[in-house]
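Residue strings, one per chain:
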Amino acid sequence: MATSLFSLAVICLVAFVGPFLADLVPGRWLQASAFILILGALLGPHGAHLVDPAAPGLPLLRQLGLAFLFLIGGYGLAPEEVLGTTGRHAALSWLASFALGLLVAWALPFDFSWRALVAFAISLTSTAFSKVEGILKERRALDTPMGRIVESYGATGELLPVMAVALLLEERSPLVELGIIGLFVVLALVSARLARHEEERRTRLDAFVRDGSGAGQMMLRLVICVLVGFVALGVILGADMIVAGFAAGFILRQLVGEDDTTVMPMVQAVANGFFIPVAFVMSGASIDIFEGGSEPLVILGFICLLILVRGVPCLVSLSLAPETRSMAPLRRVNVAVYSCTAMSTVVAMTSVAVEAGDMTPHIANVLVFAAALTTVAVPVVTRLIGRVDGEAAVEGASADATDDVDA
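By convention here, each chain's residues receive numbers from 1 onward along its written sequence. With pLDDT at 70 or above as the cut-off, local features in this predicted model cover only qualifying residues; side-chain atom pairs require 80 or more to be listed or tallied, and sums for whole chains, interfaces and linings still use all residues. The basis for every side-chain value is the complete set of non-hydrogen atoms in the structure, without hydrogens or water.

## Topic: the overall build of the protein
Here is the rule: Numbering of helices and strands runs from the N terminus; a helix is a DSSP stretch of H or I covering at least four residues, while a strand is a stretch of E covering at least two. Buried, partly exposed and exposed residues are distinguished by accessible area as a fraction of the type maximum, computed with a 1.4 Å probe on protein chains only: under 20%, between the cut-offs, and over 50%, respectively. The contact criterion used is simple: two residues touch if any of their non-hydrogen atoms lie within 4.5 Å. Throughout, the Shrake-Rupley method with a 1.4 Å probe supplies accessible areas, and for residues the shown protein chains are the sole cover considered.
Across its full length, the protein carries 18 helices and 0 strands. Counting the 407 residues in the protein, one finds 47% classified as buried. For the protein, the proportion of contacts with a sequence separation of at least 24, taken over those separated by at least 6, is 77%. Total accessible area computed for the protein in this model is approximately 18,800 Å², and 68% of it derives from carbon and sulfur atoms.

## Overview of a nonpolar patch on the surface
For clarity, the cut-off: Nonpolar side chains (Val, Leu, Ile, Met, Phe, Trp, Tyr) within 5 Å and like charges within 9 Å form the patches, drawn only from residues with over 30% relative accessible area and no salt bridge. What makes a salt bridge here is a side-chain nitrogen of Lys or Arg within 4 Å of a carboxyl oxygen of Asp or Glu, nothing more.
Together, I307, L308, V312, V316 and L320 make up an exposed nonpolar region whose accessible area comes to about 430 Å². Turning to its location among the elements, L308 is positioned in helix α15 (residues 296-320). The exposure class assigned to L308 is partly exposed, which follows from its relative accessible area of 38%.

## Examining the side chain of S339
The residue S339 is located in helix α16 (residues 329-339) in this model. With a relative accessible area of 2%, S339 lands in the buried category. Excluding residues within four positions of it along the chain, S339 makes contact with S126, T127, Y153, R310 and C314.

## A few points about the packing of aromatic side chains
Put simply, the test is: Pairing of aromatic side chains requires ring centres within 6.5 Å, counting the rings of Phe and Tyr and the six-membered ring of Trp. Pairs whose planes differ by under 30 degrees are stacked, by over 60 edge-to-face, and all others tilted.
According to the stated counting rule, one finds 5 aromatic pairs in the structure shown. Where F68 meets F275, the ring centres are 5.1 Å apart and the plane angle is 25 degrees; that geometry is what we call stacked. You can see F68 sitting in helix α3 (residues 58-76) and its partner F275 sitting in helix α13 (residues 263-285), a full 207 residues away along the chain. Overall, F275 belongs to the buried group, its relative accessible area being 18%.

## As for the packing of helix α8 (residues 145-168) against α15
How two helices pack is summed up by the angle between their axes together with the distance between the axes. Selection rule: Orientation is described by lines fitted to C-alpha atoms, with helices fitted over the stretch in contact, and by angles between N-to-C directions that extend from 0 to 180 degrees. Should an angle fall under 35 degrees it is taken as roughly parallel, and over 145 as roughly antiparallel, whereas 65 to 115 is taken as roughly perpendicular and any remaining angle as oblique. By definition, turning the near helix anticlockwise from the far helix through less than a right angle yields a left-handed crossing, and turning it clockwise yields a right-handed one. Three classes are used, and their members are as follows: Ala, Val, Leu, Ile, Met, Phe, Trp, Tyr, Cys and Pro are nonpolar, Asp, Glu, Lys and Arg are charged, and the others, Gly among them, are polar.
Relative orientation of the contacting elements α8 and α15 amounts to 135 degrees, with a least axis distance of 13 Å. Classed by the angle they form, the pair α8 and α15 counts as oblique. Here α8 runs over α15; the crossing is right-handed. Contacts between α8 and α15 involve I149, Y153 and G157 on the former and, on the latter, R310, C314, S317 and L318. In terms of residue class, the contact of α8 with α15 is made up of 4 nonpolar, 2 polar and 1 charged.

Set out below in structure tokens:
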């Protein structure tokens, strides 16, 4: 108990200090999440040993933090952004990335088993949607047109790799995995239908939750109940946290509506005030930056492969799709760079390869470090591109004004 409480106290301190350090950087070139990850790594078991991510109770807090993160992501992501035209093009670009990843993994001079080859290919196609969401949120860009496109490509880059892992790498039958995913989809749809039915009929339960004493708090409790219930079901069935979180987010969107200004601020306060920062610190604590940074050429090579396998197909898709090809070229590049943010799936994939005996723990640490480095580098690169894009837009407007005067 003492170890857990001490680790949690340090985690809470990091969750406060990280954003403060980010605020001290002129122009906020580094995101708060980057500082939180770095501090977590420095204070974790591979650093100062002040944070023990395996202490009793802390893994559960990390799971709930990730669940809250995906719930907020699922709430903010309109179904048409995944199932609509942009979502379909994002899915096609991911399939192209996966095919290219398989080709690259096969061509590398490593003696991969088929499982390790598939695992490595999937790791090159993934997007850490939670990290991308965090960056967009800090920049207040979630509701912008580019932000919605980033969300479509980012969500696809996390959901499809999860499904690929379930279908290709899990020991259970692919039909069982599809059945579990289908069960969550059905539960989400049924729950959403029940919520609409309660609202239309104005039942006593609906009136109590929405209009009764402390109604906002009761709605918050209902949201947390749905989230924890889905997470518990996911753990029992062996489903991924992403699926459970997104399903809960979809239900939340039906419960409170997409323009809610009462319940969502409370959900975000609970999530961003405690659970999500805890998950970020513990993610950083799992990174061995000293061993991971010992192979700079491997790190550079992996990041280059991420750009080739994930970034290039995204850029091609954005340039060809009718709804996005009118975007400024630098903005299309920015979306592709966002899509190259990697972390969670790389951790999962390297774990599969290590357990199968196809990858040494040392190389796994190096690849995880490289993936973590993208979560630090991407915010800087996208900010640079955004600044250049903004300057180009200003110059273009000035040139247009000059042309009008000359005319």
